[in-house]
There are 2 protein chains.
Amino acid sequence: MTGEIEQDELNEQFLRILQEDDVLSAREFLNQQNISDVAVLIDEFPEYEAKIISNMSIHRASSVFKILDLSSQKSIIQSLPPYKTAELLNELPADDRTSFLEELPSEVVKELIRLLDPEERKITLALLGYPEGSVGRLMTPDYIAVQVDWTMSEVLDHIREEGKHSETIDVIYVVNDKGEFVDDIRIREILLSPPDREIGDAIDNRFITLKVTDDQEVANQIFKMNNRVALPVVDDKNILLGIVTIDDVLWVANEEFSEDMQKMGGTEALNEPYLEIPLMKLFKKRAIWLIVLFLGEMLTATAMGYFEDEIAKAVVLALFVPLIISSGGNSGSQASTLIIQAMAVGEVTLSDWWRVLRREILSGLMLGSILGLIGFFRIVAWNSIFHTYGDHTALIGITVGVSLVGVVLWGTITGSMLPIALKKLGADPATSSAPFVATLVDVTGLLIYFSMAFIFMKDILS
Amino acid sequence: MTGEIEQDELNEQFLRILQEDDVLSAREFLNQQNISDVAVLIDEFPEYEAKIISNMSIHRASSVFKILDLSSQKSIIQSLPPYKTAELLNELPADDRTSFLEELPSEVVKELIRLLDPEERKITLALLGYPEGSVGRLMTPDYIAVQVDWTMSEVLDHIREEGKHSETIDVIYVVNDKGEFVDDIRIREILLSPPDREIGDAIDNRFITLKVTDDQEVANQIFKMNNRVALPVVDDKNILLGIVTIDDVLWVANEEFSEDMQKMGGTEALNEPYLEIPLMKLFKKRAIWLIVLFLGEMLTATAMGYFEDEIAKAVVLALFVPLIISSGGNSGSQASTLIIQAMAVGEVTLSDWWRVLRREILSGLMLGSILGLIGFFRIVAWNSIFHTYGDHTALIGITVGVSLVGVVLWGTITGSMLPIALKKLGADPATSSAPFVATLVDVTGLLIYFSMAFIFMKDILS
């Protein structure tokens, strides 16, 4: 990868060429760069983005365009002359075009689709017809399909003719005369076979297909497990509709995880890079959850209100409130993160809930006991040094210790079951963010703590 | 993807064939399945795992082996006879072999390496010599390299000879007579060129190389930005050492994100599926962080201890402690997650710290003001209905409201700067988990709250 120093050189060279205003040398310069380097240039000099795109061959321009951030893509489309936009959109691979269009407001989409050639327009409308997040939206119709009774040399001739327009020729798709999918075959098998062999004799009937309505997460799992660079997509009647390539799946995996993380941190998914999202939009996405959590957390004030008299009688009780509730929150965050993550990679499914619960009850008891013991000894030791907690040190120690076992146990159970419950209800498990779980556990943690106080410190509190 | 019903049928069929104890039909059955289906069978029937692997062609067995969980891989290696283990390990692609071996204790690795053929042994030792997490560990030496002065037909002959052993023939690597990397070229360009053209004339000198010591995260970013199925790996002297294929990068991306998530939830990275990791190991990985956080959180009890007299004078102050500290914790978790995620995908780098800080100060002020206003009005409204907070309602409301601004601002600043500071110090930013940030913010939150109380409720507290 280009280091930072090389990047600086590149930037300087680019500025020099631009200042000379010599279209030919600008073209030559841009033509020599990797598409990722051009993308970096556009990031660095957004004021020249339209100029950069216009001065590249349309094929390379579309390769650059598809890896840009959504915000750069939008502003380029706005600043290009309409005929250039049309050229660019028509050149863009169908799958990348879909994923760009699906981020735009529908009026704009309509306008842009009108710029497309009839053939590309048909394809785009079809792809946009599949539900968001489905395999259909990732699909490209630019693949090479051959008939099952063709010979290898016919297949190679066909590849030489059609290969230029195809997204990949690494895998060739075999269909029958009804367009039904028969098998896929790697180009290496074709190259290594005698030229007069029929393709139907070379296929091994071991194939994996994606359903056009499958979730994109499913596609990620299947690619991970199957070592393929592209997979065929079929409909219910096994008609071959398109293919999905692994590089698109890598994008989806990265985005999917980003969204999960953001949700787990208690924000709505940003869908834009952190430094580029407008501050007010960022504020709104964060404020919503923060306010919801705040309203929930207000119940702690109400709960504490019920115990105001007890606190007045033994102020020392108040000192351990933050310790107790944060321990519940921490153990709950741990448990929920573990389960969300395990569900995201398919290691835990809904039907495992009982196994998860059993593990978490045991873990919660063990973790709670450790913290409880530490808490108890801290209080006793502290008092023997500083004499802070007065005559009732042992009782307070026991109250805090036992409460910690209960609170941590409750935290792990809530944290682990909440993502499963959310999934069961059809919601995204990642919504059960660390802050959400912590808030849920805080109120109950207070109730557990003060109940223990009633039991162990009855005489002092009455 | 095979649905659940089909999976049940497959399982039944498999059990029937096994009970017949007919080796030939077992082989035939296994031979007809996709490798991912065989992997599922091994998951379902671990008692037959060695039998399943033994009854497949060694090539297919290695394809199944490499997608299994580490725990299944280990137990298969333990139960196979040594000659079969040797066969399997020799057949395994070098990159997958490295990633299996790097998870094992070094005594076992030594023993297994002794089973390898001299050639494979040399390769494996070389790959294991690269640092963990580096591109070298992902590399395979099974690629096709051609000399820059060969003609297309010489290249095609070479591919037909060597193609069987290569991990991919989709991309061919061009080197000079010193073994230095010159360019890569896609097989389609070769197929579409006249047979007597020299390969040196067909290359475009636009290539991207990975350095063997690059971080695997870097490889992920480069693949994402460059639409390639495989990339060449070179050393400092530009000697071609191997290639990395995109499917391995997809695995790395998935694992990397899993680890990040687990760390962010306040657990050490599990490195094993949640349901398979032994309970005691799971307990240890969780207990460490939970205890560290607990010890940190004990400072809250100390801090509260300083204000014991003030709480005794105005017990009402204690009621809002959970609300105050949790608001700081929640806004801190939000901020840290956003920044960790943005750093993980490369949107935010160390040099952006000032831009991040500016955004977070503004966001923190806005979020804090919203929560502060809600808090103030809640207290005033509650009192006008329930008369809970006595004569000093307005003062308490102001104390809580202003504290919330301070605490939320402090939470966002700490949460956003901590991951950047950790990265600067060479640690993993994901370590600044939600619970870690919350704990840091809790103590300071208390100090802010009671300082505000001293300012606004001076008369009552003195």
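Please read these numbers as outputs of a predicted model, since none were measured by experiment. (Residues numbered from 1 in each chain as written. Chains lettered and ligands numbered in written order. Predicted model: local features only at pLDDT ≥ 70, side-chain atom pairs only at ≥ 80, totals over all residues. Heavy atoms only, no water.)

Peer 1: Provide a residue-level description of helix 16 (residues 279–306) of chain B, including the pertinent values.
Peer 2: The terminal C-alpha atoms of helix 16 of chain B, which comprises 28 residues, lie 40 Å apart, in line with the 40 Å expected from a rise of 1.5 Å per residue. The largest bend in helix 16 of chain B is about 25°, located at Ala287(B). (Helix = DSSP H or I, 4+ residues; strand = E, 2+ residues; numbered from the N terminus. Expected span 1.5 Å × (residues − 1). Bend = angle between axes of the 7 residues up to and from the residue.)

Peer 1: Explain a negative patch on the surface residue by residue, including any values.
Peer 2: All names here are of chain A. Taken together, the side chains of Asp8, Glu9, Glu12, Asp43, Glu44 and Glu276 make up a negatively charged region of the molecular surface. Those elements giving two or more residues to the negative patch turn out to be helix 1 (4–20) and helix 3 (35–44). On the secondary structure map, glutamate 12 appears in helix 1. Here glutamate 12 falls in the exposed class, since its relative accessible area comes to 54%. (Patch = residues over 30% accessible without salt bridge, like charges linked within 9 Å, V, L, I, M, F, W, Y side chains within 5 Å. Areas by Shrake-Rupley, 256 points an atom, 1.4 Å probe, with all protein chains shown as cover. Salt bridge = Lys/Arg side-chain N within 4 Å of Asp/Glu carboxyl O. Lys, Arg positive; Asp, Glu negative; His and termini not counted. Charge placed at Lys NZ, Arg CZ, Asp CG, Glu CD. Buried < 20%, exposed > 50% of the residue type's maximum accessible area, 1.4 Å probe, protein only.)

Peer 1: Pulling in residues and values, what's your account of the interface of chain A and chain B?
Peer 2: Taken together, the contacts link 133 residues of chain A with 131 residues of chain B. Note on chain A versus chain B: buried area summed over both sides is about 11,700 Å², and carbon and sulfur give 67% of it. Broken down residue by residue, the surface that chain A buries against chain B is led by Met261(A), Tyr274(A) and Arg359(A), which jointly contribute 7%. Viewed at the interface, chain B and chain A are joined by 20 residue pairs in polar contact (both at pLDDT 80 or more). Per-element accounting of the side of chain A that touches chain B gives the leading share, 19 residues, to helix 16 (residues 279–306) of chain A. Here the side of chain A that touches chain B is built from residues that sort into 74 nonpolar, 33 polar and 26 charged. (Contact = heavy atoms within 4.5 Å. Buried area = accessible area lost by both parts, 1.4 Å probe. Polar contact = N/O pair within 3.5 Å; in protein donor to acceptor, adjacent residues only side chain to side chain. Nonpolar A, V, L, I, M, F, W, Y, C, P; charged D, E, K, R; others polar.)

Peer 1: An account of the domain arrangement of chain A is needed here, citing residue identities and associated values.
Peer 2: For chain A, the assigned domains are domain 1 (4–129), domain 2 (145–248) and domain 3 (279–461). Using C-alpha coordinates to define each centre, domain 2 of chain A is positioned 53 Å away from domain 3 of chain A. (Domains from an automatic or database assignment.)

Peer 1: Explain the packing of aromatic side chains to me, using residue names and the numbers behind them.
Peer 2: Residue and element names in this part refer to chain A. For the structure shown, the criterion picks out 26 aromatic pairs over all chains. Their ring planes at 50° and their centres at 5.5 Å tell us that tryptophan 289 and phenylalanine 436 sit as a pair that is tilted. Note that tryptophan 289 is positioned in helix 16 and phenylalanine 436 in helix 22 (residues 434–456), a separation of 147 residues in sequence. Plain terms: the ring middles of phenylalanine 376 and phenylalanine 377 are 5.4 Å apart, the flat faces sit at 75° to each other, and that makes the pair edge-to-face. Three or more aromatic residues link up through ring pairs in this structure, and these residues are Phe14, Phe29, Phe45 and Tyr48. (Phe/Tyr/Trp six-rings, centres within 6.5 Å; stacked < 30°, edge-to-face > 60°.)

Peer 1: Give me the lowdown on unusual backbone geometry, citing residues and values where you can.
Peer 2: Here Asn205(A), not a glycine, exhibits a phi torsion of approximately 55°, which is positive. Along the chain, Asn205(A) falls in the loop between helix 13 (199–202) and strand 4 (210–211). In this structure Asn205(A) comes out as exposed when scored by relative accessible area, which is 53%. The phi dihedral of Asn238(B) is positive, around 65°, even though this residue is not glycine.

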